[in-house]
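Residues per chain, in single letters:
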Amino acid sequence: MIIKICGIKNHNILLCCEKLDVDLFGLIFYEKSPRNVSIEIAKKLVEFSNKLKIQPVGVFVDKNLNDIFKIISDLKLNYIQLHGDENDKYIELIKKNFEIKIIKKIAISTPQDLNQTDYYKNVDYFLFDYKPKKSELPGGNAKKFDWSILRKIEVNKPWFLSGGINETNINLIKNTINPHGIDLSSGVEESLGIKSEKKIKNFINKYYAI
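Throughout what follows, the structure given in this document is the object of discussion. (Residues numbered from 1 in each chain as written. Predicted model: local features only at pLDDT ≥ 70, side-chain atom pairs only at ≥ 80, totals over all residues. Heavy atoms only, no water.)

### Focus: the overall build of the protein
- Scanning the protein from terminus to terminus reveals six helices and 10 strands.
- Taken along its principal axes, the extent of the C-alpha atoms in the protein is 40 × 40 × 30 Å.
- Split into buried and exposed, the 210 residues of the protein put 51% on the buried side.
- Relative to all contacts within the protein whose residues are 6 or more apart in sequence, the contacts with residues 24 or more apart total 53%.
- Of the side chains in the protein, 33 bear a positive and 26 a negative charge, and the two mean positions are spaced by 3 Å. (Helix = DSSP H or I, 4+ residues; strand = E, 2+ residues; numbered from the N terminus. Buried < 20%, exposed > 50% of the residue type's maximum accessible area, 1.4 Å probe, protein only. Contact = heavy atoms within 4.5 Å. Lys, Arg positive; Asp, Glu negative; His and termini not counted. Charge placed at Lys NZ, Arg CZ, Asp CG, Glu CD.)

What follows is the structure, encoded as structure tokens:
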């Protein structure tokens, strides 16, 4: 199972993730998020990660394509995550310009929401997340949807589970849902937007103990 921790903003947390064999770390480029990171800090983190196994993922929400192109080029990203309402044409234009893996969020509330996967032919991974209310952020709300919706899922692409994941439910996820990957953020934070090395260690230890 691929493990991705989103909203990394400093070297100590990044190094903690590397030591614990986390696969991917998310750099959030969304100004309304408490986990938003500047281009300057992101560059330093990506440069630091070049010496490590863990790989960066640029996370965007309905961002202007020219801005995304610039960030991908400047940071030499191999992965990005689209966490807004981007359509497949938008994704196709990114693919035409870069050899890059794209993770696309699908917001889930009911089984019918899974039909959205039919509209995305150019992504590499889906990410199934809680569907936020209008007053909530696109992600990182520490809320989960009804995961039983995914138990008999049939999609032709690998997929991540996100939303409300923490050390108390990783056992349930591994044994009953078994996604290709998990994406967590608030579940390993000590306060909003601030990652906890202790919580990351506890989560990973619980993950491997199961």
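Moving on from the coordinates now.
### A few points about the side chain of Ser196
- Locating Ser196 in the fold gives a position in the loop between strand S10 (194-195) and helix H6 (197-209).
- When near neighbours in sequence (up to four residues on either side) are disregarded, Ser196 contacts Ile13, Val188, Glu189 and Glu190.

### Examining the environment of Phe98
- In this fold, Phe98 is placed in the loop between helix H4 (88-97) and strand S5 (101-108).
- The exposure class of Phe98 is buried, given its relative accessible area of 19%.
- Separated by 108 residues in sequence, Phe98 and Lys206 place their C-alpha atoms 37 Å apart.
- Sequence-distant contacts of Phe98, that is, excluding residues within four places in its chain, are made with Phe69, Ile72 and Ser73.

### Some thoughts on unusual backbone geometry
- Unlike most non-glycine residues, Asp21 shows phi in positive territory, near 65°.
- Structurally, Asp21 can be placed in the loop between helix H1 (11-19) and strand S2 (24-28).
- Its identity is not glycine, yet Asp62 carries a phi of approximately 50°, on the positive side.
- Structurally, Asp62 is set in the loop between strand S3 (55-60) and helix H3 (65-75).

### Side note on the sheet that holds strand S4 (residues 79-82)
- With parallel pairing, eight strands are arranged side by side around a closed barrel as S1-S2-S3-S4-S5-S6-S7-S8. Ignoring which end each strand starts from, the neighbouring axes of this sheet average 25° apart.
- In this structure, strand S7 (residues 159-162) lies alongside strand S8 (residues 181-184), joined through three bridges in parallel fashion. Residue pairing in the sheet places Leu161 in a bridge with Ile182 of S8. (Pairing = 2+ DSSP bridges. Axes fitted to C-alpha atoms, helices over the stretch in contact; angles between N-to-C directions.)

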